[in-house]
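Here's the letter readout for the chains.
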Amino acid sequence: MSLSRPTLPVGRVLEVVRAPHPVLSAPGPAVDPADPRVIQLCADLVATMRVSPGCVGLAAPQVGVAGQAFCVDVSSHPKTRTSHGLIVLLNAEVIEASQQGKGREGCMSVPDLTGDVKRAGRITVRGQLPGTGEPVVVSTDAFEARALQHEIDHCAGLLFLDRVSGAHAIYSRKVYLDPAATPPSPGC
Amino acid sequence: MESLAITVVGHDRPGIIAQTAEVLSEYGMNLEDSSMTLLRGHFAMTLICAGQAEPAMLDAALTAALDASLSVSVLAIPDEGDRPRIGSSYLVTVHGADRLGIVARLASTIAAAGGNITDLTTRLAGDLYVLLAEVDLPPAADVSALQTALAQASAELGVDTTLRPVENDEL
């Protein structure tokens, strides 16, 4: 399966919005893959993800835009098994899911907390590529599967907080040095 | 038979649990259920112990062993035993902008449906308020009516709420 993408324009680094911003809680509408604003948004998401330390994925609501667009790149993460490199998908949905497992997630839009979330360890996702609108199907596992589900949730107005596994399943993010010297690095 | 409920709250540092447990051991108190966490950086611990120690004596011994930045209370309570929990467990998650009355409103809504909160965590992180509550609902409870009532209360409070069954994987 190939995820060859049309070349995206130069992306701008956007400000990442934080909960309780309402755009993070609203289901985003489907987007038009050919719309130049959507193509630019995709480039901006990638640019913003690339400059954010530890960030493996970013969805449109996280930059203040209600819409079903996101990017993911888990290729350099140690928990990754299968990786498709940079994935940019529009109007994506999970069409198959199995092998539930728990993992601890962070989010740039919830920078102070992490949480244990049960998600499928094997999934198949259907979506469209920006520009051409070509339909694509991605089957993956492990950390890439988790990242895709996290971003698809963002597009549906859901945060990991909506899916944590119990009353004690959220944690304050830890830093290993003086907090004043080391800002927390979000997971995705 | 009576148990003792012991609380220790105050400035966090390494060694509080060790010192508390040592005193309990000296007094022959068996530490049964316990819960300890940090609440906005404060050490907060509640213990239920079984044994014959006099509450006032144990209170004095714990207060002497711990420093003045920690507040201790020891209270005799009747033994509740292990009561079976009847019904189904649900998890309520709430997040939104912090404001007065979120817990009061949502907890009242849960109570009005006959729900019993068995575990609760709230966290204020910046402007974001998060509430997680495990709720036992009696078999006769109307889950969809509670869902609707929570959605209405949440809309009025401007927060997002989910109600989901707690998944138990029996192995």
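These numbers come from a predicted model, not from an experiment. (Residues numbered from 1 in each chain as written. Chains lettered and ligands numbered in written order. Predicted model: local features only at pLDDT ≥ 70, side-chain atom pairs only at ≥ 80, totals over all residues.)

**Q** How should I be thinking about the interface of chain A and chain B in this particular structure?
**A** Chain A puts 14 residues into the contact, and the matching count from chain B is 19 residues. The dominant element in the side of chain A that touches chain B, judged by the number of residues it contributes, is strand β4 (residues 110-128) of chain A, at three residues. Here the side of chain A that touches chain B is composed, by residue class, of nine nonpolar, three polar and two charged. (Contact = placed C-beta atoms within 7 Å. Helix = DSSP H or I, 4+ residues; strand = E, 2+ residues; numbered from the N terminus. Nonpolar A, V, L, I, M, F, W, Y, C, P; charged D, E, K, R; others polar.)

**Q** For this particular structure, what's the right way to read the confidence of the model for chain B?
**A** The predicted coordinates of low-pLDDT regions are not to be read in fine detail. Across chain B, the average pLDDT comes to 94, with 99% of residues at 70 or higher. Predicted complex metrics record ipTM = 0.89 and pTM = 0.91. (pLDDT = per-residue confidence, 0-100.)

**Q** Looking at this model, I keep getting lost on helix α1 (residues 16-26) of chain B. Mind explaining?
**A** Because each turn of an α-helix spans 3.6 residues, side chains separated by three or four positions end up pointing in the same direction. All names here are of chain B. All buried positions along α1 are accounted for by Ile16, Thr20 and Leu24. The buried residues of α1 occupy an angular sector of 60° when the element is viewed end-on, so they sit on one face. More than 90 degrees from the buried face of α1, the exposed residues found are Ala18, Glu22, Ser25 and Glu26. On its buried face, α1 sits against β1 (2-11), β2 (30-39), β3 (42-50), α2 (55-65) and β4 (70-78). (Buried ≥ 20, exposed ≤ 12 C-beta atoms within 10 Å, placed from the backbone. Arc of directions from axis to C-beta.)

**Q** Please explain the packing of helix α3 (residues 102-112) of chain B against helix α4 (residues 143-157) of chain B as it appears in this structure.
**A** Two measures define how a pair of helices packs: the angle their axes make with one another and the distance between the axes. Residues and elements named next belong to chain B. Put simply, α3 and α4 touch, their axes get as near as 9 Å, and they point 165° apart. Viewed along their axes, α3 and α4 adopt a mutual orientation that is roughly antiparallel. When you trace α3 past α4, the crossing you get is right-handed. When α3 is examined against α4, the residues Ile102, Arg105, Leu106 and Thr109 are found in contact with a partner set consisting of Ala149, Leu150, Ala153 and Leu157. Residue composition of the contact of α3 with α4, by class: six nonpolar, one polar and one charged. (Axes fitted to C-alpha atoms, helices over the stretch in contact; angles between N-to-C directions. Parallel < 35°, antiparallel > 145°, perpendicular 65-115°, else oblique. Left-handed = near helix turned anticlockwise from the far one by under 90°.)

**Q** Hey, could you run me through the domain arrangement of chain B in this one?
**A** Interfaces are often sized by the accessible area lost when the parts come together. Segmenting chain B into domains produces domain 1 (2-78) and domain 2 (88-165). Computed over C-alpha atoms only, the centres of domain 1 of chain B and domain 2 of chain B are separated by 31 Å. (Domains from an automatic or database assignment.)

**Q** Is there a simple way to think about the nonpolar core in this case?
**A** The nonpolar side chains of a soluble globular protein tend to be buried with one another. Counting 67 residues, the largest nonpolar core has Cys42, Leu45, Ala69, Phe70 and Cys71 of chain A together with Val130 of chain B as the members making the most contacts within it. In terms of residue count, strand β7 (residues 128-137) of chain B provides more of this core than any other element does, eight residues in total. Apart from the residues lying within four places of it in its own chain, the contact partners of Cys42 of chain A are Leu8, Ala69, Cys71, Val88 and Pro130 of chain A. Ranked by size, the runner-up nonpolar core spans 14 residues in total, among them Ile16, Cys49, Leu58 and Val72 of chain B. (Core = buried A, V, L, I, M, F, W, Y, C linked by C-beta atoms within 7 Å.)

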